[in-house]
Amino acid sequence: MQKYRPRIADKILSEKLDAMGAILIEGAKYCGKTTLCKQQAKSAIFMTDPDTLNQNLIMAQMNISRLLKGDTPRLIDEWQIAPRLWDAVRNEVDKRDEDGQFMLTGSAVPPDKNEIFHSGAGRIGWLKLRTMSLWESEDSSGEVSINGLFNGEIPDGENKIDIDRLAFLICRGGWPKSLDKKTDIAALIQVQEYYEAVVNSDISRVDNTSRDPELAKRIMRSYSRLQGSQASVGTILADIQNNGEGSMNENTIYSYINALKKIFVIEDSLAWNPNLRSKTAIRSSDTRYFSDPSIATAAMGLGPNDLINDLNTFGLFFEALCIRDLRVYADALGGKVYHYRDASGLECDAVIHLRNGNYGLIEIKLGGDKLIEEGAESLKKLESKIDSDKMKKTSFKMVLTSVGQYAYSRPDGVFVVPIGTLKD
């Protein structure tokens, strides 16, 4: 049996159960939603268990309250096959008037909303589970805490991840079941099979719309090439055509991208809109990312050696890995990760913004003194543009790197931190 590695979301789930009557846990297929909930569940029903599937569906029609009985919190797995469970849970929460009653998990394919009559507001909370960060997969030393940086700590840690290992970690991704494979090849095969399931099945099942697997592959390959950019759908279309991958129109691309978002394959980064001293126009387009970097490498058919032999591509996918980890760590702090770009061309790869108004500026660089220097100068330039009379001052400025032995603070106050030392 695979061992359970603690997740940052364990604490988030516990806190939400204390606050709400029920919690809906969403996220990409295979990211570990059911396993996460089983750690806290006192009872469970697995709606799609072949031994009880037909019985469960009949009960959902004839005596749905029976499915809700059991010690709490009660896990209802694959609840979406009987959408009436949503309103039943909401109603039961009202009747019991107690928090922490239910956890709802399901596949990435959403339920039929025509059978749901209540939003669940005030009764049902929401938790988004991501794939695992390097800290959760036990690949990062975790000596540098994002929370600590927000509280004035100076980074101090030693990186144990070399460039070859990092290339593998990008391609393996943060899928829980890939962590204990006997060979690296087996872990990479699992990612490829996830990708094949997306293009051959899930992208069509999401809204019962037949979609061409080959078109899905072309769009995902283009998305991979354009990760980290604010590429428009027109740009994606042009990229597909320039790479000799057939013809399609923008409406088709919109349809496929929206389907991929619904099943948590794609998660773009929103634009950050700070108060500036000048009237510089801020670009509002989202930045393109997959929810896990391994999806992009699988889409392009790339392995660790391919990344090692092409450092430009390596840098692109390294940025995607960092964004994934920063999102996991920001979730733990109740924050969000944004991207900044203005009309002058000044960019910031990631901004972690907390609900209390604190924020940290982060540039992501593959490594090397020149790139680190460029990143530090860019961060200082952006900080100088922010109107500190209307916003809080920057909590920290950090260049997040791929390699490098130590995390440290430069004389100018910019932190240099290898991703292999970071945690929430």
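Just above sits the structure.
Residues numbered from 1 in each chain as written. Predicted model: local features only at pLDDT ≥ 70, side-chain atom pairs only at ≥ 80, totals over all residues. Heavy atoms only, no water.

Colleague: Which residues make up the pairing of strand β13 (residues 415-418), and what values go with them?
Modeller: Neither face of β13 is left uncovered, since the one carrying Phe415 and Val417 and the one carrying Val416 and Pro418 both have all their residues buried. Pairing geometry for strand β11 (residues 396-401) and β13, over 4 bridges, is parallel. Within β13, the residue paired with Met398 across the bridge is Phe415. Where strand β12 (residues 406-409) lies against β13, 2 bridges are found, and the strand directions are antiparallel. Bridging across to β13, Tyr408 finds its partner in Val416. (Buried < 20%, exposed > 50% of the residue type's maximum accessible area, 1.4 Å probe, protein only. Helix = DSSP H or I, 4+ residues; strand = E, 2+ residues; numbered from the N terminus. Pairing = 2+ DSSP bridges.)

Colleague: Please give an account of the pairing of strand β10 (residues 359-365) that cites residues and values.
Modeller: On a regular strand, each side chain points to the face opposite its neighbour's, so the side chains alternate between the two faces of the sheet. Most of β10 is tucked away: 7 of the 7 residues are buried. Counting the residues between successive antiparallel strands, the hairpin from strand β9 (residues 347-353) to β10 contains 5 residues, one of them, Gly357, with a positive phi of roughly 95°. Summarising the sheet, β10 and β11 pair through 6 bridges and their orientation is parallel. Following the sheet pairing, Gly360 is matched in β11 by Phe396. Following the chain from β10 across helix α15 (residues 369-385) to the adjacent parallel β11, one finds a crossover that is right-handed. (Right-handed = clockwise from strand over helix to strand, strands pointing away.)

Colleague: Which residues make up the sheet that holds β13, and what values do they have?
Modeller: In space, the 7 strands of this open sheet follow the order β7-β12-β13-β11-β10-β9-β8, with mixed pairing throughout. Strand pairing shows two members of the sheet lacking a second neighbour, β7 (157-158) and β8 (336-341), which therefore form its edges. Bridge analysis of β8 against β9 gives 5 bridges, and the strand direction is antiparallel. By the bridge assignment, Val337 is partnered in β9 with Ile352.

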